[in-house]
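Report on the structure
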Amino acid sequence: MSTVYISIGTPKTGTTALQTFLRENENELNKQGYCYPMLELGIAPYYADRNGQFLVYKSRSEENKAEREARVRNMAYQQLQKYIEKYPNIILSDEQIWYRSRNREDFWQDVLDRFREMGCEVKVIVYLRRQDLLIQSLWNQSIKMFQKNRWTFKECIERNYFSYHPLDYYENLKHMEKFLGKENIIVRPYERGRFEGEEHTLFSDFFQSVGLTLTDGFQKSVSKNHGLEGNFLEIKRWINNVPGYASIRDFLSRPVLNASMHYTELGENEKANMFSYEEQKAYLAQFEESNRKVAEEYLGRKEEPLFYDEVKEAPQWTFREDRLSRDIVAIMTEAFSVQEKRIADLKSELKETKEELENLKNIRLLRTYRKVGDFFKH
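Residues numbered from 1 in each chain as written. Predicted model: local features only at pLDDT ≥ 70, side-chain atom pairs only at ≥ 80, totals over all residues. Heavy atoms only, no water.

Across the interface, helix H6 (residues 131-144) lies against helix H10 (residues 232-240) with an axial gap of 9 Å and an inter-helix angle of 50°. On the basis of their axis angle, the class for H6 and H10 is oblique. The hand of the H6/H10 crossing is left-handed. Contacts between H6 and H10 involve Trp139, Asn140, Ser142, Ile143 and Lys144 on the former and, on the latter, Leu233, Lys236, Arg237 and Asn240. Of the residues that constitute the contact of H6 with H10, the class distribution is 3 nonpolar, 3 polar and 3 charged. (Axes fitted to C-alpha atoms, helices over the stretch in contact; angles between N-to-C directions. Helix = DSSP H or I, 4+ residues; strand = E, 2+ residues; numbered from the N terminus. Parallel < 35°, antiparallel > 145°, perpendicular 65-115°, else oblique. Left-handed = near helix turned anticlockwise from the far one by under 90°. Contact = heavy atoms within 4.5 Å. Nonpolar A, V, L, I, M, F, W, Y, C, P; charged D, E, K, R; others polar.)

Spelled out as structure tokens, the structure:
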């Protein structure tokens, strides 16, 4: 019987880095009897490394929406069959499973039934990040990538914007347990410096959880999902609020991020919390009992917390008006540089196209001359 390991996030726990690592080291995984399948499902190419996306895939087209989603899932299961026949361990991953799975009451039962029909058992790995750190990162990502969010962090808290994400970890794990059984749920706290495995990294921690050995053959490329810092958070939020901006594909996202990263590298974007120290402590207090139960029941920590790192008293984020002009100039320079490069590339492509057309024209003329010459010879 094969085992299917489903890594379900949560978001902002290094999932993208882990997915990239698994994809880049497919051959090494195969040597140990593990496989990170590449599924071809006709959906957006950025899902290529998120091979568990089919489980919670949502079609953007409202026409035949349910039918299309079901078709994608069926295609995935059909393609997985050949991998299951070849490898005893299959790894799937997508961070959206943690929260989207709650949208369908029969989600986990359906997953279990489908894989059992294929002769597989299912184990789920979930990484949990301390709630106050998680929502700050989620908010930052929503501003950076324009995910329909134009509100300040404080407004998001007041509007309960993060309610889509199960922040009561114990409650969501107990829901999953009803279907999967506690023995098939692997819970790992996401805290840098506290990962297990030989290297004490996210990769070695994950490998230990699924029974893999992190050998020297694995290539460890650096992949980091940078967030916005300093004034660039608020400037991007302003941009997101401009009417009609959503329809032009968030083209300023990369210039804003590049400018932010530039000043972060120079040490001029101070690390800061969106919470005040008192607000942060108060926010975490509501999850204290839930986190204690997770630590006890899923990690066997009867007298120890789920998260060891304590809340540190750090500066609260403030907008720096004295840096506003500088930061706007940096963003515009980045944007104009991108546009100038694009124009230069298009000119180069146009020149090459003209040269190809001219060559083609000459070839056709030469063929014509030959045909005329052949005619007169006869």
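From this point, the narrative continues.
Read from one edge to the other, the open sheet built from 5 strands follows the order S2-S3-S1-S4-S5, with strand pairing classed as parallel. Both outer strands of the open sheet, strand S2 (34-35) and strand S5 (185-189), are each paired with one neighbouring strand and no more. Bridge analysis of strand S1 (residues 2-7) against strand S3 (residues 89-93) gives 5 bridges, and the strand direction is parallel. Bridge pairing in S3 links valine 4 to isoleucine 90. Helix-sheet contacts for helix H5 (residues 107-117) involve S1, S3 and strand S4 (120-128), and the interaxial angle to S4 is about 140°. (Pairing = 2+ DSSP bridges.)

Attention now goes to the pattern of salt bridges. Oppositely charged side chains may form a pair once their charged atoms are brought near each other. All chains considered together, the criterion is met by 25 salt bridges. Between aspartate 205 and arginine 188 there is a salt bridge, and its shortest N-O distance comes to 2.8 Å. Separated by 17 residues along the polypeptide, aspartate 205 in helix H9 (residues 202-210) and arginine 188 in strand S5 bring together distant segments of the chain. For aspartate 205, a relative accessible area of 1% corresponds to the buried category. Of the charged contacts in the structure, one is a salt bridge between lysine 236 and aspartate 250, with a shortest N-O distance of 3.0 Å. Separated by 14 residues along the polypeptide, lysine 236 in helix H10 and aspartate 250 in the loop between H10 and helix H11 (253-265) bring together distant segments of the chain. Residues lysine 236 and aspartate 250 agree in their burial class; the two are buried. Because the salt bridges share partners, they merge into one network encompassing Lys174, Glu177, Lys182 and Glu297. (Salt bridge = Lys/Arg side-chain N within 4 Å of Asp/Glu carboxyl O. Buried < 20%, exposed > 50% of the residue type's maximum accessible area, 1.4 Å probe, protein only.)

Structurally, the position occupied by threonine 201 is in the loop between S5 and H9. Counting along the chain gives 10 residues from threonine 201 to glutamate 191, while the straight-line C-alpha distance between them is 9.9 Å. Non-local contacts of threonine 201, meaning those with residues more than four positions away in its chain, are made with Phe195 and Glu196.

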